[in-house]
Amino acid sequence: MDYNKINSEIENVDINAIPPEDEPQRQYYFIKLLRRWMEQKVKEEGRELTCCVNTFGCQMNARDSEKILGILKSIGYKETNSEEADLVIFNTCTVRENANLKLYGRIGQLKKYKDRNPGMLIMLCGCMMQEKEAVEKIEKSYRHIDVIFGTHNIFKFAELLAMKVLDERLKRKILVDVWEEEGGIVEELPSERKYFFKSGVNIMFGCNNFCSYCIVPYVRGRERSREPEDIIAEIESLVNDGVVEVMLLGQNVNSYGKNLKNTVTFTELLERVEQIEGLKRIRFMTSHPKDLSDSLIEFMGRSKKVCHHIHLPLQSGSSRLLEIMNRHYTKEEYLELIEKIRKAVPDIAITTDIIAGFPGETEEDFNETLDIIEKAGYDNAFTFIYSKRTGTPAASMEDQIPEEIVKERFDRLLNKVKEISAKKAAKYVGKTVYVLAEEKNNQEAGFITGRTEQNYIVHFKGNEELIGKIVPVKLCESKGFYYYGEM
Ligand code: SAH
Ligand code: SF4
Ligand code: F3S
């Protein structure tokens with residue numbers, strides 16, 4: 001991000017002349033104001049101010065945090081891992097209840113840091129802040145929090161921070177700005193990325209599927225796709241900046257483009273992304289089985305850049321439960337899809353998400369899930385204990401499964417997944433594959449950690465200069481979802 005460019009672009013701006021809907025110009029104005037405030041602060045304190053962004057949840061949240069960090073850095077904050085920073089942000093997730101409980105513990109602990117550093121600011125954002133009850137609880141019991149905002153107005157981050165630090169009337173109040181409904185998509189705000197060589201790219205926001213257990217559509221709003229031109233332009237500029245791998249992000253990428261004025265399919269988007277020179281790898285997440293098209297499968301088979309990995313959440317192997325979950329596919333249809341994918345892309349890795357203990361799940365339903373895991377031959381599966389989310393249809397269903405039974409099923413599920421993925425992983429041993437070297441291994445000196453196209457982690461001997469490059473590595477020893485290899 002070229003901060004000097006931002007600076008010169010906003011040099012002559014009068015905020016009163018910019019209407020609220022004229023984003024991102026308004027936000028650049030607030031960034032500029034905050035830069036001046038920061039210069040002053042640094043003089044007063046005799047040191048640089050630090051910020052710490054804590055992220056929970058999925059890739060969407062991770063990407064949102066990078067956008068927040070981009071704004072923070074353009075203001076002049078220095079990033080730190082310590083929660084004893086001048087500005088601490090929690091970007092929250094609420095997909096399962098235990099995430100919420102953990103958050104209360106974490107923000108409670110910050111009180112002692114704030115007592116030591118009264119100038120410290122604490123901001124909460126993300127999916128959990130879209131829930132009224134959560135915000136009410138924080139306003140009542142966690143008065144040391146400064147700002148709360150939601151998933152729909154992240155672009156307003158600089159404005160909210162400016163209000164908090166510059167408006168005397170807000171000094172002792174919790175500033176809450178959570179939108180119930182989604183706004184437009186704001187393009188071209190600054191953004192950071194964790195790795196110089198790879199990046200997530202939002203292609204759409206929100207979700208229309210309302211799976212009966214899931215809170216995401218309530219906290220992320222309806223499905224909205226970005227214009228393909230904006231996506232392509234973003235990826236091109238990332239590639240110019242050294243990125244070789246992108247991960248296209250959406251709750252259901254297979255329905256990308258349906259709500260655009262000029263509709264575009266996900267496969268058409270991929271075809272355009274494939275043309276971008278210098279880009280080497282394309283990943284995407286998440287694919288909903290109900291919308292996975294033949295054209296996508298066919299394209300994955302012939303593309304030179306789309307990685308041979310698909311994350312295809314199953315949730316349950318019981319057609320009866322899948323219907324109650326509102327998933328719109330049966331066990332048989334799911335297995336047919338898997339077969340089609342494997343036929344078109346023989347070396348593909350398939351991963352999935354599975355929930356144990358959905359209301360009404362019988363022993364037979366659960367056994368069908370175990371059965372499909374065997375048949376699908378997953379490379380890996382993320383397993384979850386069903387969590388009751390207030391406001392979702394499943395939360396008010398009868399037959400919520402007692403905790404002991406769910407725990408016992410969850411253990412069996414985990415064992416099954418371990419067994420299947422170990423078998424699968426062993427098959428790659430001895431093969432030479434291309435690995436994107438990502439970081440130095442902190443546990444073992446002289447080792448680099450990277451990822452195969454199939455998204456397996458590989459540790460191999462090498463120096464740091466390899467980071468960001470794709471190199472051939474022979475897989476020598478399998479340890480489940482990671483390998484030891486040799487270049
Ligand atoms: N949009 C993605 C998933 C987003 S949430 C998709 O449809 O695949 C990630 C995973 O969390 C889901 O796939 C599901 O397995 C799990 N999950 C969602 N709600 C849950 C709940 N109430 N209890 C347990 N797991 C849940
Ligand atoms: Fe949740 Fe279903 Fe949407 Fe995924 S597709 S985010 S599981 S409602
Ligand atoms: Fe969590 Fe929100 Fe993602 S609820 S899983 S961070 S969309």
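Conventions and cut-offs
- Residues numbered from 1 in each chain as written.
- Chains lettered and ligands numbered in written order.
- Predicted model: local features only at pLDDT ≥ 70, side-chain atom pairs only at ≥ 80, totals over all residues.
- Heavy atoms only, no water.
- Axes fitted to C-alpha atoms, helices over the stretch in contact; angles between N-to-C directions.
- Helix = DSSP H or I, 4+ residues; strand = E, 2+ residues; numbered from the N terminus.
- Parallel < 35°, antiparallel > 145°, perpendicular 65-115°, else oblique.
- Contact = heavy atoms within 4.5 Å.
- Nonpolar A, V, L, I, M, F, W, Y, C, P; charged D, E, K, R; others polar.
- Phe/Tyr/Trp six-rings, centres within 6.5 Å; stacked < 30°, edge-to-face > 60°.
- Buried < 20%, exposed > 50% of the residue type's maximum accessible area, 1.4 Å probe, protein only.
- Lys NZ or Arg CZ within 6 Å of the ring centre and 35° of its normal.
- Disulfide = S-S within 2.5 Å.
- Pairing = 2+ DSSP bridges.
- Left-handed = near helix turned anticlockwise from the far one by under 90°.

## Describing the packing of helix α2 (residues 25-45) against helix α3 (residues 59-75)
- At a minimum axis distance of 8 Å, the contact between α2 and α3 shows a crossing angle of 50 degrees. Here α2 is positioned oblique relative to α3, judged by the angle of their axes. On the side of α2, the interface is formed by Ile31, Leu34, Arg35 and Met38, while α3 contributes Ile71, Ser74 and Ile75.
- Within the contact of α2 with α3, the residues separate by chemical class into 5 nonpolar, 1 polar and 1 charged.

## Describing the packing of aromatic side chains
- According to the stated counting rule, one finds 16 aromatic pairs in the structure shown.
- Where Phe56 meets Phe90, the ring centres are 6.0 Å apart and the plane angle is 15 degrees; that geometry is what we call stacked. Pair noted here: Phe56 is in the loop between β1 (50-55) and α3 and Phe90 is in strand β3 (residues 87-92), with a separation of 34 residues, a long-range link.
- Between Tyr428 and Tyr456, the aromatic rings sit 5.1 Å apart at their centres with planes inclined by 55 degrees, giving tilted as the arrangement. Of the two residues, Tyr428 is situated in the loop between α14 (403-426) and β15 (432-440) and Tyr456 in the loop between β16 (447-452) and β17 (457-461); the sequence distance between them amounts to 28 residues. Here Tyr428 and Tyr456 have matching classes, each one buried.
- Feature note: the residues Tyr195, Phe196 and Phe197 constitute an aromatic cluster, connected by ring pairs.
- Directly above the aromatic system of Tyr104 lies the positively charged group of Lys137, at a separation of 4.0 Å from the ring centroid.

## What to know about the state of the cysteines
- On inspection of all chains with the given rule, the structure shows 0 disulfides.
- For the unlinked cysteine Cys125, the closest cysteine sulfur is that of Cys127, found at 9.3 Å.
- A relative accessible area of 0% means that Cys125 is categorised as buried.

## Observations regarding the pairing of strand β13 (residues 349-356)
- Within β13, 8 of the 8 residues are buried, which leaves the element mostly enclosed by the surrounding structure.
- Neither face of β13 is open: one carries Ala349, Thr351, Asp353 and Ile355, the other Ile350, Thr352, Ile354 and Ala356, and all of them are buried.
- Bridge count for strand β12 (residues 309-311) against β13 is 3 bridges, and the pairing is parallel. When the bridges of β13 are listed, His311 appears paired with Thr351.

## Examining the side chain of Ser255
- Looking at where Ser255 falls in the secondary structure, it is placed in the loop between β10 (245-249) and α9 (266-274).
- Accessibility expressed as a relative area gives 4% for Ser255, which makes it buried.
- Apart from the residues lying within four places of it in its own chain, the contact partners of Ser255 are Met204, Glu223 and Asp291.

## Examining the sheet that holds β10
- Pairing in this open sheet of 3 strands is parallel, and the strands run β7-β10-β11 from one edge to the other. Unpaired on one side and paired on the other, β7 (198-202) and β11 (281-285) mark the two borders of the sheet. Neighbour-to-neighbour, the strand axes of the sheet open up by a mean angle of 25 degrees, direction not taken into account.
- Here 5 bridges tie β10 to β11, and the two strands are oriented parallel to one another. Within β11, the position partnered with Leu249 by the bridge is Met285.
- Packed on one face of the sheet, helix α8 (residues 228-240) meets β7 and β10 and runs near 170 degrees to β7.
- Strands β10 and β11 of the sheet are contacted by α9, whose axis makes an angle of about 155 degrees with β11.

## With respect to the packing of α8 against α9
- Closest axis-to-axis distance for the α8/α9 pair is 10 Å, and the angle between their directions is 30 degrees. In terms of axis orientation, α8 runs roughly parallel to α9. The chirality of how α8 crosses α9 is right-handed. Facing Pro228, Glu229, Ile231, Ile232 and Ile235 of α8, the residues of α9 in contact are Leu269, Arg272 and Val273.
- Considered class by class, the residues forming the contact of α8 with α9 number 6 nonpolar, no polar and 2 charged.

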